[in-house]
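Understanding the architecture of this molecule
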Amino acid sequence: MLYRLRKAGYQAYLVGGCVRDLLLGREPKDFDVVTDAHPEAIRSVFRNCRLVGRRFRLAHVYFGDEVVEVATFRGSASEPQNSGRVLENGRILRDNVYGTIEEDAWRRDFTVNALYYDIGDFSVVDYVGGMEDHRSGTLRLIGEPDARYREDPVRMLRAVRFAGKLGFKLHESCAEPIGRLAGLLRQISPARLYDEVLKLFLSGYAVQTFEQLRHYRLFEALFPATDACLSGENERFPLTFLAKALENTDRRWAEGKPVAPYFLFAALLWEPVRAQTEMRIRQGEANMLALQEVAAEVISRQLGHTAFPRSVGQPMRELWSLQLRFDSRSGGRPFRLINHPRFRAAYDFLLLRAETGEADSELAEWWTRFQAVDEAEQKAMTRETRRKPARRGRRQKKPALKPRPIEP
Ligand code: ATP
Ligand code: MG
């Protein structure tokens, strides 16, 4: 495809993440191509091509299932009077100024993301000292860090993400401003932040990424309700749950298993949901009603920060509700529950809660066994629990969610 553009008389380079990852000997997630051809010209070179993007106009070229992003060199950031660029308080809103390869390099975010691979002579073109930073494992913003973060606050998240993923060290000059500027993330559209959160937590490095986000107070800007719980007095317990959940996410990623975004968000928001539900139950509200009301509230607040679609919100709620239904272990209920479309995910969630001492491990073990045995044995299990003398009367409610254990 690079050759096609060159044959048509244009320059064409690989750029960004794929060059960076190839230099590390890793398989790139996808390939980004840049060229001096304008979008319309790109379209005329490739039949199977669509122009996309509001913020940045670029071409998607399709090869079977694969999409390669082809962008035109962008113009220099130092000329904001350029007509194609729209700024607001120093933040870029739209950016369709075309330029040269060198200008294109300078407006990229990190030096190691601004390396161009030239297929003509198999060389790497470097205007910003990216090769040296790449060699020393340094993640460094191009230009003046403060201004670059203000221009696009999402770069703070990208800094943490790349540092974690590449195992690079964020250069001191780029680390320092983040604590101060983290709040600027609130200006970013919740839809874009949702996409970024998925990349942050579903790329196999969720644990380190989470720690860094907390360290730089970026997590607070993304998940204020959760952050407030984590910073609360009994700090260790909720931290353990989320850390375990993220560990689990990374393990699944390493094994090539999928992690559903709703599962991730259910874990990220569980602590405020759990804490507030527990409080309402203590005030006398019915378990399930309390949980559902709290879930709705927590979700609607969170949508103002990271706007996940309904296809994430709905199953998240179901997964949380099922946590309460695990308590009913007699009669036909366990059989209905096990056939619930969210059972498997909810069970995994229960295991995580049990692992961190927040749910009864006996309960988790019961459900593990219930899935393993045949139907006759299952029936026996549901009768066994029914016979137990501890069968609770309606009024004598057991707290549905265990209070936090006191740390020794
Ligand atoms: P990944 O492996 O996650 O795809 P990537 O570096 O390819 O990493 P992309 O988001 O695909 O990241 O962006 C491709 C390239 O576009 C980056 O390498 C960088 O040069 C440039 N870029 C992307 N986002 C920004 C931004 N917010 N500001 C400046 N340059 C950016
Ligand atoms: Mg990429």
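Residues numbered from 1 in each chain as written. Chains lettered and ligands numbered in written order. Predicted model: local features only at pLDDT ≥ 70, side-chain atom pairs only at ≥ 80, totals over all residues. Heavy atoms only, no water.

**Examining helix H19 (residues 361-372)**
An ideal rise of 1.5 Å per residue puts 16 Å on 12 residues; H19 measures up with 17 Å between its terminal C-alpha atoms. Buried within H19 are the following residues: Leu363, Ala364, Trp366, Trp367 and Phe370. All buried residues of H19 lie within an arc of 155 degrees about the axis, which places them on one face of the element. Across H19 from its buried face, at more than 90 degrees, point the exposed residues Glu365 and Ala372. (Helix = DSSP H or I, 4+ residues; strand = E, 2+ residues; numbered from the N terminus. Expected span 1.5 Å × (residues − 1). Buried < 20%, exposed > 50% of the residue type's maximum accessible area, 1.4 Å probe, protein only. Arc of directions from axis to C-beta.)

**Brief notes about the site of ligand 1**
Every one of the 17 residues lining ligand 1 counts as a neighbour, but Arg20, Asp152, Arg155, Arg161 and Lys165 are closest to it. For ligand 1, whose free accessible area comes to 590 Å², the fraction covered by protein is 86%. When residues of the shell around ligand 1 are traced back to their parent elements, those giving at least two are helix H2 (17-23) and helix H7 (154-166). Per element, the largest residue contribution to the shell around ligand 1 is 5 residues, and it comes from H7. Looking at the shell around ligand 1, its residues break down into 1 nonpolar, 3 polar and 13 charged. (Near = heavy atom within 4 Å. Areas by Shrake-Rupley, 256 points an atom, 1.4 Å probe, with all protein chains shown as cover. Nonpolar A, V, L, I, M, F, W, Y, C, P; charged D, E, K, R; others polar.)

**Some points on the confidence of the model for the chain**
Detailed conclusions should not be drawn from predicted coordinates in areas where pLDDT is low. Chain-level statistics for the chain give a pLDDT mean of 89 and a share of 88% at 70 or above. For the chain, per-element mean pLDDT is lowest for strand E7 (residues 91-95), which scores 63, and highest for strand E10 (residues 138-139), which scores 98. Low confidence marks residues 390-397, where pLDDT is under 50. Its contacts with residues over four positions away, or in another chain, come to 6 contacts. (pLDDT = per-residue confidence, 0-100. Contact = heavy atoms within 4.5 Å.)

**A word on the side chain of histidine 134**
Note that histidine 134 resides in helix H5 (residues 130-136). Residue class for histidine 134 comes out buried when judged on its relative accessible area of 10%. Discounting residues that sit within four places of it in the chain, histidine 134 has contacts with Arg20, Leu23, Leu24, Val112 and Phe168.

**Regarding the environment of serine 123**
The residue serine 123 is located in strand E9 (residues 123-126) in this model. If sequence neighbours within four positions are ignored, serine 123 has contacts with Tyr116, Tyr117 and Asp118. There is a polar contact of 2.6 Å between the side chain of serine 123 and the side chain of aspartate 121. (Polar contact = N/O pair within 3.5 Å; in protein donor to acceptor, adjacent residues only side chain to side chain.)

**Examining the packing of aromatic side chains**
What the rule picks out here adds up to 20 aromatic pairs. Judged by centre distance (5.3 Å) and plane angle (65 degrees), the rings of phenylalanine 335 and phenylalanine 370 are edge-to-face. In this pair, phenylalanine 335 is assigned in helix H17 (residues 333-338) and phenylalanine 370 in helix H19, connecting sequence segments 35 residues apart. Taking the relative accessible area as the measure of exposure, phenylalanine 335 reaches 21% and is therefore partly exposed. For phenylalanine 370, a relative accessible area of 0% puts it in the buried group. Between tryptophan 366 and tryptophan 367 the ring centres are 5.0 Å apart and the planes differ by 75 degrees, which places this aromatic pair in the edge-to-face class. This pair shows no difference in class: tryptophan 366 is buried, exactly as tryptophan 367 is. Here a set of aromatic residues connected by ring pairs shows up, and it is made of Phe326, Phe335, Phe343, Tyr347, Trp366, Trp367 and Phe370. Taking NZ or CZ as reference, arginine 342 lies 5.2 Å from the ring centre of tyrosine 262, over its face. (Phe/Tyr/Trp six-rings, centres within 6.5 Å; stacked < 30°, edge-to-face > 60°. Lys NZ or Arg CZ within 6 Å of the ring centre and 35° of its normal.)

**A look at the sheet that holds strand E8 (residues 115-118)**
One open sheet holds the 7 strands; their spatial order is E3-E4-E5-E2-E1-E8-E9, and the pairing between them is mixed. Edge strands, defined here as strands with exactly one partner in the open sheet, are strand E3 (49-52) and E9. Between one strand axis and the next, the sheet turns by 35 degrees as a mean value, whatever way the strands run. Here 4 bridges tie E8 to E9, and the two strands are oriented antiparallel to one another. (Pairing = 2+ DSSP bridges. Axes fitted to C-alpha atoms, helices over the stretch in contact; angles between N-to-C directions.)

**Quick word on unusual backbone geometry**
For phenylalanine 122, which is not glycine, the phi torsion reads 55 degrees and is therefore positive. In this fold, phenylalanine 122 is placed in the loop between E8 and E9. Residue phenylalanine 122 is classed as exposed on the basis of its relative accessible area, which comes to 59%. A positive phi is found at arginine 217, a non-glycine position, where the angle reads about 65 degrees. Among the structural elements, arginine 217 can be located in the loop between helix H10 (206-215) and helix H11 (218-222).

**With respect to the packing of helix H15 (residues 287-302) against helix H16 (residues 310-325)**
Orientation of H15 relative to H16, taken along the N-to-C sense of each, is 155 degrees, at an axis distance of 10 Å. When the interaxial angle is binned, H15 and H16 end up roughly antiparallel. As for the relative orientation of H15 and H16, their crossing is right-handed in sense. Here Asn287, Met288, Leu291, Gln292, Ala295, Ala296 and Ile299 of H15 come into contact with H16, specifically with Gly313, Met316, Arg317, Trp320, Ser321, Leu324 and Arg325. The residue makeup of the contact of H15 with H16, split by class, is 8 nonpolar, 4 polar and 2 charged. (Parallel < 35°, antiparallel > 145°, perpendicular 65-115°, else oblique. Left-handed = near helix turned anticlockwise from the far one by under 90°.)

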